[in-house]
Amino acid sequence: MVIVAMGTSVVMLLWALCYPLIVLSLDYAPVMQTAFVRAVLGGISLLLVAFFLKRSFPNTFEAWVAISGIGLSATGIGFWGMFYAGSLISPGLATVLTNLQPLIASVLAWVILKEKIDWTVLVGIILGFVGIFVVGMHSFFDADSTAWQGVAYVIVAAVGVALSNVLLKKYANKIDIFYAMGGQLLIGSLPLLAISLSTETLTESLANLHYFTIVLTLAIPGTALPFLLWFWLLGRAPLNQLNVFSFLTPVFGLLIGWSYFDESLKMMQWLGVVLVMGAIGISLIPNKERG
């Protein structure tokens, strides 16, 4: 369990590191263009690794239906909703709504995967959500945070990510990890490209070394590696338990801003961090009935 906890924490830290990189990329290219390039580079890198390692290619229709479903929900819907929402609602509201994902995923895992939700995980999820609410409380009631379109984007993205996590859990250990994650990133990039072509003016930003470095960092350590590790972890622990660690992503983002960007944290935000850490501790309490 220690390895699972450490691995899941690393995944959340890598995803948290993406937020400042996405902000830096806005000076060079439209948001959907960056999302598309990020997914494509991440997908190609994993497929190249699979090819050179001579991994087992998924050759069944069911496998590719699953990979397509994961790509369209996690990468297509997830990236689309989260990237757009950031420009429409306050960070606090976006953070709170994004973290509906563990709650939604728990319900889906209970219905589809027949995973039991024991009391430790349930308390952990609820306490973690309360912690995130406290973290984002300072901007939750911001006058500019009532854009219902932005709220809709975040909720749709959360549902997409939750659905993808259920599919990932269902097919963990059944499909080669490199082909599954590389394939889903490439398939999920297609709707992002369509949205970018129809709504944005494309730029030649990849010729800029600074932008290329940003997007390559987003693609490999920020996307390919955490997706790979997350898929591996789903084969070794219940989705409900792993999802509690999702609350670490905004906490890591908060701490990164405090440590490296001199952002000040209010007392309530520190309280939220403590609540999230408590939630994770409770979810790790051994329970022989855990499914």
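Residues numbered from 1 in each chain as written. Predicted model: local features only at pLDDT ≥ 70, side-chain atom pairs only at ≥ 80, totals over all residues. Heavy atoms only, no water.

## A few points about the overall build of the chain
So, step 1. Scanning the chain for helices and strands turns up 12 helices and 0 strands.
So, step 2. Counted from the first residue to the last, the chain has its helices and strands arranged as α-α-α-α-α-α-α-α-α-α-α-α.
So, step 3. Expressed as a percentage of the 291 residues in the chain, the buried residues total 52%.
So, step 4. Here the chain has roughly 13,600 Å² of accessible surface; of this, 73% comes from carbon and sulfur atoms. (Helix = DSSP H or I, 4+ residues; strand = E, 2+ residues; numbered from the N terminus. Buried < 20%, exposed > 50% of the residue type's maximum accessible area, 1.4 Å probe, protein only. Areas by Shrake-Rupley, 256 points an atom, 1.4 Å probe, with all protein chains shown as cover.)

## Regarding the nonpolar core
So, step 1. If you look at the biggest cluster of nonpolar residues, it comprises 49 residues, and the most contacted ones within it are M181 and W230.
So, step 2. A per-element tally of this core places helix α9 (residues 209–234) first, with 7 residues.
So, step 3. Those residues within four positions of W230 in sequence are excluded, and the remaining contacts are T8, V11, M12, W15, N165, L168, L239, L242 and N243. (Core = buried A, V, L, I, M, F, W, Y, C linked by side-chain atoms within 4.5 Å. Contact = heavy atoms within 4.5 Å.)

## Some points on a nonpolar patch on the surface
So, step 1. Residues V107, W110, V111, I112, I117, L122, I126 and V130 make up a contiguous nonpolar surface patch of about 700 Å² in total accessible area.
So, step 2. When residues of the nonpolar patch are traced back to their parent elements, those giving at least two are α5 (101–112) and α6 (119–140).
So, step 3. In terms of residue count, the dominant contributor to the nonpolar patch is α5 (4 residues).
So, step 4. Counting through the fold element by element, V107 comes out in helix α5. (Patch = residues over 30% accessible without salt bridge, like charges linked within 9 Å, V, L, I, M, F, W, Y side chains within 5 Å. Salt bridge = Lys/Arg side-chain N within 4 Å of Asp/Glu carboxyl O.)

## Some details on the environment of Q33
So, step 1. Locating Q33 in the fold gives a position in helix α2 (residues 31–52).
So, step 2. The class for Q33 is buried, based on a relative accessible area of 7%.
So, step 3. Spatially, the C-alpha atom of Q33 lies 9.8 Å from that of A194, the residues being 161 residues apart in sequence.
So, step 4. Residues within four places of Q33 in sequence aside, it is in contact with S196, E200, T201, L202 and T203.
So, step 5. Engagement of the side chain of Q33 in a polar contact is seen with the backbone nitrogen of T203, the distance being 3.0 Å. (Polar contact = N/O pair within 3.5 Å; in protein donor to acceptor, adjacent residues only side chain to side chain.)

## Description of the packing of helix α8 (residues 177–199) against α9
How two helices sit against one another is set out by the angle between their axes and by the gap between those axes.
So, step 1. For the pair α8 and α9, the least separation of the axes is 10 Å and the interaxial angle reads 130°. Relative to α9, the element α8 is oriented oblique. Of the two possible hands of crossing, α8 and α9 adopt the one that is right-handed. Two secondary-structure elements touch here, α8 through I177, F178, A180, M181, Q184 and L185 and α9 through T223, F227, L228, F231 and W232.
So, step 2. Residue classes in the contact of α8 with α9 are distributed as 9 nonpolar, 2 polar and no charged. (Axes fitted to C-alpha atoms, helices over the stretch in contact; angles between N-to-C directions. Parallel < 35°, antiparallel > 145°, perpendicular 65-115°, else oblique. Left-handed = near helix turned anticlockwise from the far one by under 90°. Nonpolar A, V, L, I, M, F, W, Y, C, P; charged D, E, K, R; others polar.)

## Quick look at the environment of F227
So, step 1. Relative to the helices and strands, F227 is located in helix α9.
So, step 2. Sequence separation between F227 and L14 is 213 residues, and the spatial gap between their C-alpha atoms is 10.0 Å.
So, step 3. Contact partners of F227, with chain neighbours within four places excluded, come to W15, A74, T75, M181, Q184 and L185.

## Comments concerning the packing of aromatic side chains
So, step 1. The final tally for this structure, using the stated rule, is 6 aromatic pairs.
So, step 2. Centre to centre, the rings of F57 and W64 are 5.6 Å apart; their planes meet at 40°, and the pair counts as tilted.
So, step 3. Its relative accessible area of 27% is what places W64 among the partly exposed residues.
So, step 4. An aromatic cluster is built from W15, F227 and W230, whose rings are joined through pairwise contacts.
So, step 5. Just above the ring of Y171 sits the side chain of K174; from NZ or CZ to the centre is 5.9 Å. (Phe/Tyr/Trp six-rings, centres within 6.5 Å; stacked < 30°, edge-to-face > 60°. Lys NZ or Arg CZ within 6 Å of the ring centre and 35° of its normal.)

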